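As a plain string of letters, each chain reads:
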Amino acid sequence: MSDMQSEQILQAIKELNDQMNDGFRKVDKRFEEVDKRFKQIDKRFEKVDERFEQIDRRFEEVDKRFEQIDKRFEEMDKRFDNVEARQEKMQNGFDILVKREMDNEADIVGIKKAIGQQ
């Protein structure tokens, strides 16, 4: 192999190497563009994540409010139960008084019959 042929081979190798390096630079630029796009997408997802976190906090607040409302309803239920119990006691008391009154009236009628006042 002559010097000229060796030089031509080296020149061809250098040209191929330069072409490969240019190709790698182009690929690197494409990857950099893709990385930029992914960074933009990441920023958008971060904003979406922040929104979801805000929504989660709002739901937690709403849950707390519903728990408070549930407690209030439980308290009201207890109060109504107490009122119903009192009302039932009062009704039982009235029933007893009415029965006694009727018994007393019957006794009075019986006594009057016995003494002949009727």
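Scroll up for the structure.
All of the points below concern the structure found in this document. Here the residue numbers are simple positions, counted from 1 along each chain's written sequence. Note on the predicted model: pLDDT of at least 70 is required for a residue's local features to be given, and 80 or more for side-chain atom pairs to be given and counted; whole-chain, interface and lining totals, by contrast, use all residues. Note that water and hydrogens are dropped before the side-chain values are worked out from all heavy atoms of the structure.

Comments concerning the overall build of the chain
Logical step 1: The helix count covers DSSP runs of H or I at least four residues long, the strand count covers runs of E at least two residues long, and both are numbered beginning at the N terminus. Counting its regular elements, the chain contains 1 helix and 0 strands.
Logical step 2: Against the 2.2 N^0.38 benchmark of 13 Å for 118 residues, the chain shows a C-alpha radius of gyration of 50 Å, more extended than a compact globule.
Logical step 3: The principal-axis extent of the C-alpha atoms belonging to the chain is close to 165 × 25 × 15 Å.
Logical step 4: Out of the 118 residues in the chain, the part that is buried amounts to 0%.
Logical step 5: With an accessible surface of roughly 12,100 Å², the chain has 53% of that area assigned to carbon and sulfur atoms.
Logical step 6: Charged side chains of the chain number 26 positive and 31 negative; the gap between the two group centres comes to 4 Å. Radius of gyration means the value over C-alpha atoms here, while the globule rule gives 2.2 Å times the residue count to the 0.38 power. Classification of residues uses two cut-offs on accessible area relative to the type maximum, computed with a 1.4 Å probe and protein chains only: under 20% is buried, over 50% is exposed, and between them is partly exposed. For the accessible areas, the method is Shrake-Rupley and the probe is 1.4 Å, while residue cover comes only from the protein chains on display. Charge counting follows a simple rule: Lys and Arg are positive, Asp and Glu are negative, and His as well as the terminal groups are ignored. Lys charges are placed at NZ, Arg charges at CZ, Asp charges at CG and Glu charges at CD.

Looking at a positive patch on the surface
Logical step 1: Patch construction takes residues with relative accessible area above 30% that form no salt bridge. Like charges are linked within 9 Å, and nonpolar side chains (Val, Leu, Ile, Met, Phe, Trp, Tyr) are linked within 5 Å. Basic side-chain nitrogens of Lys or Arg form a salt bridge, by our definition, when they fall within 4 Å of a carboxyl oxygen of Asp or Glu. Positive charge collects at one region of the surface, where Lys36, Lys39, Lys43, Arg44, Lys47 and Arg51 lie side by side.
Logical step 2: Following the sequence through the fold, lysine 43 ends up in helix α1 (residues 3-115).
Logical step 3: Classification of lysine 43 as exposed rests on a relative accessible area of 56%.

Looking at the pattern of salt bridges
Logical step 1: One pass over the full model with this rule turns up 2 salt bridges.
Logical step 2: Measuring nitrogen to oxygen at the nearest pair gives 2.5 Å for the salt bridge that ties arginine 25 to aspartate 22. In this pair, arginine 25 and aspartate 22 are both assigned in helix α1, 3 residues apart and thus about one turn of the helix distant.
Logical step 3: For aspartate 22, a relative accessible area of 40% gives the class partly exposed.
Logical step 4: A salt bridge links aspartate 103 to lysine 99, with the shortest nitrogen-to-oxygen separation between them at 3.3 Å. Here aspartate 103 and its partner lysine 99 are both found in helix α1, 4 residues apart, which amounts to about one turn of the helix.
Logical step 5: Judged by relative accessible area, which is 52%, lysine 99 ranks as exposed.

Topic: the environment of arginine 51
Logical step 1: Mapped onto the elements, arginine 51 comes out in helix α1.
Logical step 2: A C-alpha to C-alpha distance of 44 Å links arginine 51 and aspartate 81, two positions 30 residues apart in sequence.

Here's the deal with a nonpolar patch on the surface
Logical step 1: Side chains of Val34, Phe38, Ile41, Phe45, Val48, Phe52, Ile55 and Phe59 sit close together on the surface and give an oily, nonpolar patch of about 740 Å² of accessible area.
Logical step 2: Assignment of secondary structure puts isoleucine 41 in helix α1.
Logical step 3: Overall, the relative accessible area of 35% leaves isoleucine 41 in the partly exposed class.

Points about α1
Logical step 1: Counted at 1.5 Å a residue, the expected span for α1 with its 113 residues is 168 Å, and the 162 Å between its end C-alpha atoms agrees.
Logical step 2: Where α1 terminates, the next one or two residues include glycine 116, which has phi positive at roughly 80°. One fewer than the residue count of a helix, multiplied by 1.5 Å, yields its expected span.

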